[in-house]
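Architecture at a glance
Next come the chains, spelled out residue by residue.
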Amino acid sequence: MTDQFSPEERAALSPYFTNLDGPVFALVNLPEVVKGALFARYSRSPKSLRRLFLDEFLNTGVAPHANRGGVGGGISPPPTSTEEAERETGRARAEDLYGRMFFEYGDDSVAQLGGAHLACEGASNLLTKVLEWGRLAAYLEQSTRYVPYDDLVGGHYRYHVPGELEGDLRDRYVRTLDAMFDTYRELLPILREHLSGRFPKNQQTSDAAYRMSIRAKALDTLRGLLPAATTSNVGIYGTGQAYENLLLRMRAHPLLEVRAYADLMLAELRKVIPAFLRRVDLPDRGTAWSSYLSETRQETARVAAELLPDDAVVPRDEVTLTDFDPEGEVKVVAAALYAVSDAPDDRLLDVARKLTEDERRAVLAAYVGRRTNRRHRPGRAFERTSYRFDVLADYGAFRDLQRHRLLTLEWQRLSPRHGSVMPEAIAEARVDARWHRSLDASAALHDAIAAAGLAEVAPYAVAMAYRVRFYMEMNAREAMHLIELRSAPQGHPAYRRIAQTMHRLIAERAGHRALAAAMTFADHSEVALERLEAERAAERRRGGR
Ligand SMILES: Cc1cc2nc3c(=O)[nH]c(=O)nc-3n(C[C@H](O)[C@H](O)[C@H](O)COP(=O)(O)OP(=O)(O)OC[C@H]3O[C@@H](n4cnc5c(N)ncnc54)[C@H](O)[C@@H]3O)c2cc1C
């Protein structure tokens, strides 16, 4: 049963709700803070939302001008100055209302009820990794595959110059990074030509698609020359709470760029969702919280410096499975039975242990089912067991893998100490000497900045071909998503290799062969692409190329 509204009430409601009769409706043309405050009232009121709006919100002036938009929204004409003034008063009242609710209810869920889209442009790759840390937000970032970094914007290549650098060191930084971008720019046409020879166009591909794919391959290959200071554009969509957490972390960050960016973000977010961000810079709230974050980080680094030996760099596999549960597969079988039985959790584990291999496989086969798309993922039973991988991969691959949010991932400081990775095409195109010269200059600059006591700033200078160490700990369900997505043929070769190794380690090292077997979905277009690539490779071999 939904509420009945009088004709006057319907007129008042219609600009703000996508329908007035059904139990499901969307809220439109309302400030985020009003939508948040309305939802928050659900907690303590028996009334429906539309009734709450009429009784408690509409007459307080919290809604923008009532004649705008209409059901379903749409683009409204620009507001008049009276409407603008009304809107401002309404917003101020809503802010006040929301603020009281936020503090009275004292509930974090209230801070999750409003969101904002925020564009963050010109952020270094070190900063984008900080921006994309939070799990509960969505991000979209400029691609190094589709956007070439060979152009000058306002006479400068697109990289960040850290405010911490001064004098000669700053001059050297600019000279070195300019030279790194020059190399990238000069090698781009050479690589395109080389790759066109290696992957000739077939008749089915249009000229434009072919040109795009060669350019993408060339950009993928040269990405390693770009320094971590390279700037990027990121779009973020998040709730007030996600932004609050992000800003608290950013304000505690050792890099000037990150802290300065936090100030810019706070100022802009306060223009759209101010009530959600009231606490960020209050001395006894957000500031104390940020201090806690930076103090614990510094203290842990101090203790670690005392306790840890300064180990020489020893060769290490790109991916190491450092932790897993030998009984993980049996536990997933037990968990698969849980929701369709009445038995307690531990009893089901006993049962699963006693099943034969074939019986366990039958449970998993039923649970995984027939997947016709990689997005058809089995359920939460796959979250019963986890894998922890230590990865030593080039920064470019790290940059991509760090985007996965449903796992735990932390990284170490980027430096040249773990060496670098060079794509095969660089040697094939005979530009390896120039590649190495650029990387050596990047490493020398890193060392000079670190020697000047600016260890946190030095990573800006490091080319993305250098390796960084990070761990990824994930349950089997996320492993399935990540491995299937990141091993697909259209992915970057660097992370494809990592995903394939993870898959092999789950099967062979953890011995979870049945789980690994479930993680092999490839959709038909992907299979077709693989086959096409294989056919072309065979053709090239036959032609002696
Ligand atoms: C070939 C290729 C090209 C790409 N190009 C670009 C690019 O140009 N720009 C770019 O920014 N990224 C790009 N990406 C990265 C991609 O868009 C995702 O950011 C990345 O795959 C990680 O996010 P995810 O949702 O897949 O996985 P995870 O973050 O690991 O999440 C796993 C699953 O959890 C759920 N989930 C996670 N977070 C949320 C959330 N906030 N809300 C709702 N559901 C959630 C989703 O179901 C998701 O599939 C590319 C990836 C590939 C493979």
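Refer to the structure printed above.
An account of the accompanying structure is given in this report. (Residues numbered from 1 in each chain as written. Predicted model: local features only at pLDDT ≥ 70, side-chain atom pairs only at ≥ 80, totals over all residues. Heavy atoms only, no water.)

**Here's the deal with the nonpolar core**
Formed by 142 residues in total, the largest nonpolar core has its most connected members in L131, I236, M250, M265, F389, M472 and M502. The leading source of residues in this core is helix α7 (residues 167-198), at 10 residues. Excluding residues within four positions of it along the chain, M265 makes contact with L118, C120, L131, I236, L246, L247 and M250. (Core = buried A, V, L, I, M, F, W, Y, C linked by side-chain atoms within 4.5 Å. Buried < 20%, exposed > 50% of the residue type's maximum accessible area, 1.4 Å probe, protein only. Helix = DSSP H or I, 4+ residues; strand = E, 2+ residues; numbered from the N terminus. Contact = heavy atoms within 4.5 Å.)

**Some thoughts on the site of the ligand**
Inspection of the region around the ligand gives 16 residues, with E141, R403, R405, E478 and H481 positioned closest. Between the ligand and E141, the relevant distance is 2.6 Å, taken from an oxygen atom to a main-chain nitrogen or oxygen of the residue. In this structure, an oxygen atom belonging to the ligand sits 2.7 Å away from a main-chain N or O atom of R405. Contact with the protein chains hides 65% of the accessible area of the ligand, taken as 940 Å² for the molecule alone. Looking at the shell around the ligand, the elements that each hand over two or more residues are β2 (137-141) and α18 (476-486). (Near = heavy atom within 4 Å. Polar contact = N/O pair within 3.5 Å; in protein donor to acceptor, adjacent residues only side chain to side chain. Areas by Shrake-Rupley, 256 points an atom, 1.4 Å probe, with all protein chains shown as cover.)

**As for the layout of surface pockets**
Considering only enclosed or pocket space, the largest pocket measures out at about 2,200 Å³ in volume. Considering the residues around the largest pocket, the lining is formed by 46 residues, among which R297, W411, Q412, R413 and E456 are closest to the centre. At the level of elements, α6 (125-131), α11 (283-307), β5 (386-394), β6 (408-411), α17 (432-451) and β7 (467-475) are the ones that each hand at least two residues to the lining of the largest pocket. If you tally residues by element for the lining of the largest pocket, the top one is α11, at 7 residues. Looking at side-chain class alone, the lining of the largest pocket contains 25 nonpolar, 8 polar and 13 charged residues. (1 Å grid on protein atoms, 1.4 Å probe; cavity = no way out; pocket = protein on both sides within 12 Å on 5 of 7 lines; lining within 4 Å. Points joined across faces, edges and corners; volume = space filled by probe spheres on them. Nonpolar A, V, L, I, M, F, W, Y, C, P; charged D, E, K, R; others polar.)

**A closer look at the sheet that holds strand β4 (residues 319-324)**
Within the open sheet, the 4 strands sit side by side as β4-β5-β7-β6. Their pairing is antiparallel. Bordering the open sheet on either side are β4 and β6, each of which pairs with just one other strand. When the angles between neighbouring strand axes are averaged without regard to direction, this sheet yields 15°. In terms of strand pairing, β5 meets β7 through 9 bridges, oriented antiparallel. What sits directly across from L392, in β7, is R469. The sheet contacts of α18 involve β5 and β7, and relative to β7 the element is tilted by about 130°. Across the face of the sheet, helix α19 (residues 493-508) comes into contact with β4, β5 and β7 while running at roughly 150° to β5. (Pairing = 2+ DSSP bridges. Axes fitted to C-alpha atoms, helices over the stretch in contact; angles between N-to-C directions.)

**Observations concerning the sheet that holds strand β3 (residues 231-239)**
Strand order across the open sheet formed by 3 strands is β1-β3-β2, with antiparallel pairing between neighbours. A single partner strand is all that each edge strand has here, and the edge strands are β1 (115-124) and β2. Ignoring which end each strand starts from, the neighbouring axes of this sheet average 20° apart. Two elements, β2 and β3, share 5 bridges in a ladder whose sense is antiparallel. Within β3, the residue paired with Y139 across the bridge is I236. Contacts from helix α9 (residues 240-251) reach β1, β2 and β3, with the element oriented near 130° to β3. Together, β1 and β3 form the strand contacts of helix α10 (residues 256-272), whose direction differs from that of β1 by roughly 150°.

Everything listed is a geometric property; what it means functionally is a separate question.
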